[in-house]
Amino acid sequence: MRMLFALAVAMLVAGGAIAMERRVALKDGPGRETVENLCSGCHSVDYIRINAPFMSRQTWTAEVDKMRRAFGAPIGDADANRIVDYLSSNYGAPA
């Protein structure tokens with residue numbers, strides 16, 4: 001009985017936390033939909049905003065290449081270029 005009660009409480013707490021979670025909004029611009037569609041399939045787009053202050057165009061390029069090569073992200077060359085353009089234009093560290 002205690003186990004069932006603990007499970008019910010845990011589900012209520014977890015449900016409340018999930019309900020309070022807000023969707024991250026990326027800056028509007030060319031390529032945003034590509035980033036949302038291809039990148040958020042594997043990880044949260046929070047990653048973009050968290051790391052943006054440290055990521056130059058070169059670093060974003062390396063990061064997208066890593067996602068493709070090391071993690072097997074199904075991103076073609078044209079989409080990779082579009083993603084890097086969007087990220088470096090909207091979330092790139094000043095040169």
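All figures in this text were calculated on a predicted structure; none of them were measured in a lab. The residue count restarts for each chain, going from 1 along the sequence in the order it is written. Only residues with pLDDT of 70 or above have their local features reported here, since the model is predicted, and side-chain atom pairs are shown and tallied only from 80 upward, although totals for entire chains, interfaces and linings are computed over all residues. To obtain the side-chain values, all non-hydrogen atoms of the structure were included, while hydrogens and water were left out.

The helix and strand labels rest on DSSP assignments: H or I over at least four residues marks a helix, E over at least two residues marks a strand, and numbering proceeds from the N terminus. A tally of helices and strands in the protein yields 5 helices and 0 strands. The order of α-helices and β-strands along the protein, N terminus first, is α-α-α-α-α. Only protein chains enter the accessibility calculation, which uses a 1.4 Å probe. A residue is then buried if its area is under 20% of the maximum for its type, exposed if over 50%, and partly exposed in between. Expressed as a percentage of the 95 residues in the protein, the buried residues total 26%. What makes two residues a contact is simply this: any of their non-hydrogen atoms within 4.5 Å. In the protein, the proportion of contacts linking residues at least 24 apart, taken out of those at least 6 apart, comes to 63%. Accessibility throughout is a Shrake-Rupley quantity obtained with a 1.4 Å probe, and a residue counts as covered only by protein chains that appear here. When the accessible surface of the protein is split by element, carbon and sulfur atoms take 60% of a total near 6,900 Å².

Between the rings of Phe, Tyr and Trp (Trp by its six-membered ring), a pair exists once the centres lie within 6.5 Å; its type follows the angle of the planes, with under 30 degrees stacked, over 60 edge-to-face, and the other angles tilted. Taken as a whole, this structure holds 1 aromatic pair when the rule is applied. Throughout this description, the term charge over a ring refers to an Arg CZ or Lys NZ atom that lies within 6 Å of the ring centre and within 35 degrees of the ring normal. The ring centre of Tyr91 lies 4.9 Å from the NZ or CZ of Lys27, which sits over that ring.

So, on to the layout of surface pockets. A cavity here means a set of 1 Å grid points, computed over protein atoms only, where a 1.4 Å probe fits but cannot escape. A pocket is an open set with protein on both sides within 12 Å along at least 5 of 7 lines, and lining residues have an atom within 4 Å of a point. Grid points are joined across faces, edges and corners, and a volume is the space filled by probe spheres set on the points. Approximately 170 Å³ is the volume attributed to the largest pocket. Surrounding the largest pocket, 15 residues form its lining, Cys39, His43, Glu63, Met67 and Ile75 being those nearest its centre. Considering each element in turn, the lining of the largest pocket owes the most residues, 4 residues, to helix α4 (residues 57-69). For this scheme, ten residues count as nonpolar: Ala, Val, Leu, Ile, Met, Phe, Trp, Tyr, Cys and Pro. Four count as charged, namely Asp, Glu, Lys and Arg, and the remainder, Gly too, count as polar. Residues belonging to the lining of the largest pocket are distributed by class as follows: 13 nonpolar, 1 polar and 1 charged.

Here, a salt bridge means any Lys or Arg side-chain nitrogen found within 4 Å of an Asp or Glu carboxyl oxygen. Summed over the entire model, instances satisfying the criterion amount to 7 salt bridges. Ionic pairing is found between Arg69 and Asp65, a salt bridge with its closest N-O pair at 3.6 Å. With Arg69 and Asp65 both in helix α4 and 4 residues apart, the pair spans about one turn of that helix. You can call Asp65 partly exposed: its relative accessible area is 26%. As a salt-bridge pair, Asp77 and Arg68 come within 2.6 Å of each other at their nearest N and O atoms.

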